Amino acid sequence: LWIFAGTSFRGKTQLRYLISITISTLVGVLIFHWFFTNIKPPAPANLPPELLMRLRNTNRGPRLSMPAIQALSINIIILVLVEMIILKVRKQQIEHENDRLRLANLEARHNQLKQQLHPHFLFNSLNTLKTLISRKPEQAEDYLIRLSDLLRFSIYANKEEVVTVEKELELCINYLHMQQVRFGEALQYTIHVPDPMKSTSKVPVYSIQLLVENAIKHNSFTVQQPLQIDISADQLTERIRVKNNLQQKLTIEDGNGVGLSNLFERYRLLGKAGLELSRGQDEFSVTIKVL
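All figures in this text were calculated on a predicted structure; none of them were measured in a lab.

Cut-offs applied
Residues numbered from 1 in each chain as written. Predicted model: local features only at pLDDT ≥ 70, side-chain atom pairs only at ≥ 80, totals over all residues. Heavy atoms only, no water. Helix = DSSP H or I, 4+ residues; strand = E, 2+ residues; numbered from the N terminus. Buried < 20%, exposed > 50% of the residue type's maximum accessible area, 1.4 Å probe, protein only. Contact = heavy atoms within 4.5 Å. Areas by Shrake-Rupley, 256 points an atom, 1.4 Å probe, with all protein chains shown as cover. Core = buried A, V, L, I, M, F, W, Y, C linked by side-chain atoms within 4.5 Å. Pairing = 2+ DSSP bridges. Axes fitted to C-alpha atoms, helices over the stretch in contact; angles between N-to-C directions. pLDDT = per-residue confidence, 0-100. 1 Å grid on protein atoms, 1.4 Å probe; cavity = no way out; pocket = protein on both sides within 12 Å on 5 of 7 lines; lining within 4 Å. Points joined across faces, edges and corners; volume = space filled by probe spheres on them. Salt bridge = Lys/Arg side-chain N within 4 Å of Asp/Glu carboxyl O. Parallel < 35°, antiparallel > 145°, perpendicular 65-115°, else oblique. Left-handed = near helix turned anticlockwise from the far one by under 90°. Nonpolar A, V, L, I, M, F, W, Y, C, P; charged D, E, K, R; others polar.

### Some words on the overall build of the protein
- If you tally the helices and strands in the protein, you get nine helices and seven strands.
- Here the protein holds 291 residues, and 31% of them are scored as buried.
- Nonlocal contacts in the protein, meaning residues at least 24 apart in sequence, comprise 75% of its contacts between residues at least 6 apart.
- A total of about 19000 Å² of accessible surface is found on the protein, and carbon and sulfur atoms cover 59% of it.

### Regarding the nonpolar core
- Grouped together as the largest cluster of nonpolar side chains are 43 residues, with contacts concentrated most on Ile208, Val212, Ile216, Ile229, Ile231, Ile240 and Ile288.
- Within the residue set of this core, elements represented by two or more residues are α4 (65–135), α5 (137–157), α6 (165–183), α8 (207–217), β4 (227–234), β5 (239–245), α9 (260–269) and β7 (283–289).
- Top element by residues in this core is α6. It accounts for eight residues.
- When neighbours within four sequence positions are excluded, Ile216 is seen to be in contact with Tyr175, Leu176, Gln179, Phe183, Leu187, Phe221, Leu227, Ile229 and Lys249.

### A few points about the sheet that holds β7
- One open sheet accounts for five strands, arranged β2-β4-β5-β7-β6; its pairing is mixed. A single partner strand is all that each edge strand has here, and the edge strands are β2 (187–192) and β6 (276–279). The mean inter-strand angle of the sheet, taken between neighbouring strand axes irrespective of direction, is 10 degrees.
- Where β5 and β7 come together, seven bridges link them in antiparallel fashion.

### Quick look at the confidence of the model for the protein
- For the protein, per-residue confidence averages 76 on the pLDDT scale, and 68% of positions sit at 70 or higher.
- Residue range residues 1–11 is modelled with pLDDT below 50. Its contacts to residues more than four positions away, or to other chains, number 14 contacts.

### A short note on the side chain of Ser285
- Considering the arrangement of structural elements, one finds Ser285 in strand β7.
- Leave out the neighbours within four places in its chain, and Ser285 touches Arg241, Val242, Lys243, Glu276, Leu277 and Ser278.

### Here we look at the layout of surface pockets
- If you add up the space inside the second largest pocket, you get close to 190 Å³.
- As for the second largest pocket, its lining consists of Asp149, Leu150, Arg152, Phe153, Tyr156, Lys167, Glu170, Leu171 and Asn174.
- Elements with a contribution of two residues or more to the lining of the second largest pocket: α5 and α6.

### Quick look at the environment of Arg100
- Locating Arg100 in the fold gives a position in helix α4.
- Look at Arg100 and you get partly exposed, because its relative accessible area is 44%.

### Re the pattern of salt bridges
- Under the defined criterion, the tally for this structure stands at five salt bridges.
- Put simply, Asp142 and Arg146 hold a salt bridge, and the shortest N to O gap is 3.2 Å. Taken as a pair, Asp142 and Arg146 lie in helix α5 at a separation of four residues, close to a single helical turn.
- A salt bridge links Glu238 to Lys289; its shortest N-O distance comes to 3.8 Å. Residue Glu238 is located in the loop between β4 and β5, and its partner Lys289 is located in strand β7; the two are separated by 51 residues in the primary sequence.
- Glu238 sits in the partly exposed class, given a relative accessible area of 39%.

### Thoughts on unusual backbone geometry
- Located in the positive-phi region is Tyr206, a residue other than glycine, with phi close to 65 degrees.
- Residue position: Tyr206 is located in the loop between β3 (202–204) and α8.
- The backbone phi angle of Glu238 is positive, close to 55 degrees, even though this residue is not glycine.

### Quick notes on the environment of Leu103
- Checked against the element boundaries, Leu103 lands in helix α4.
- In this structure, Leu103 is in contact with Glu161 and Leu269, ignoring residues within four places of it in sequence.

### Section: the packing of α6 against α8
- Look at α6 against α8: their axes get within 8 Å of each other, and the N-to-C directions meet at 20 degrees. With respect to each other, α6 and α8 are oriented roughly parallel. Judged by the twist between their axes, the crossing of α6 over α8 is right-handed. For the pair formed by α6 and α8, the contact residues are Glu168, Leu169, Leu171, Cys172, Tyr175, Leu176, Gln179 and Phe183 on the first element and Ser207, Ile208, Gln209, Val212, Glu213 and Ile216 on the second.
- When grouped by side-chain class, the residues that make up the contact of α6 with α8 number nine nonpolar, three polar and two charged.

Structure below.
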């Protein structure tokens, strides 16, 4: 009853299962009928003729109801098992498709974020570059080279989901140096990542840079109270931590929902553990796992 009540047994599928049950039942009945008709247990020796005749008459005419029920029951059990396997496979396919669609949507939102940030970032960078050209030409040249490298990386990163730690750190160094030119001694940073880990390990693109950017975005800092960002790595646990002293702004800039939740979802779709957030009175840190 459960089989025929299922929503998937419609049209040709329902007819296929009905024909399967009918044919298997008939085959089962024929096999059992042949078995009971042609294969008889040997009669005990030294029986009187009258008792032997009565025993033979008793073995004639086997009932077909029991073989039919047995064949029908076995076939239904097999069909139930097959249907459960099919449903499991379909569920896995649907989950895989949903993950693929979520990843595509996530990447679309991430690309939209980059497109929205680039004009604002370029505006600030060009204003800083204009000031440097008139006051510090040599520093302006270095600033322009770093800006060019950052934009070149953004073009390369559009085609990648993950990059090496080395490339991600190059992006962060360029970004932090440019922000340091803008904010001066109010922004300080340190990076401690083992060299073997840089070339062999990978992280989602813009992952470390996003954490650095969040630290700058959500904290206020001055020369007297600078923002200190520390990027460190543990080669044994294969984790990278971005830590900053906590000087949270009174008013937070509005975002479009793409930030830590975006990075957490990207890690989940890559089959890895999520982010580890730690918040104290004086510091805030986020730890990610390398791939």
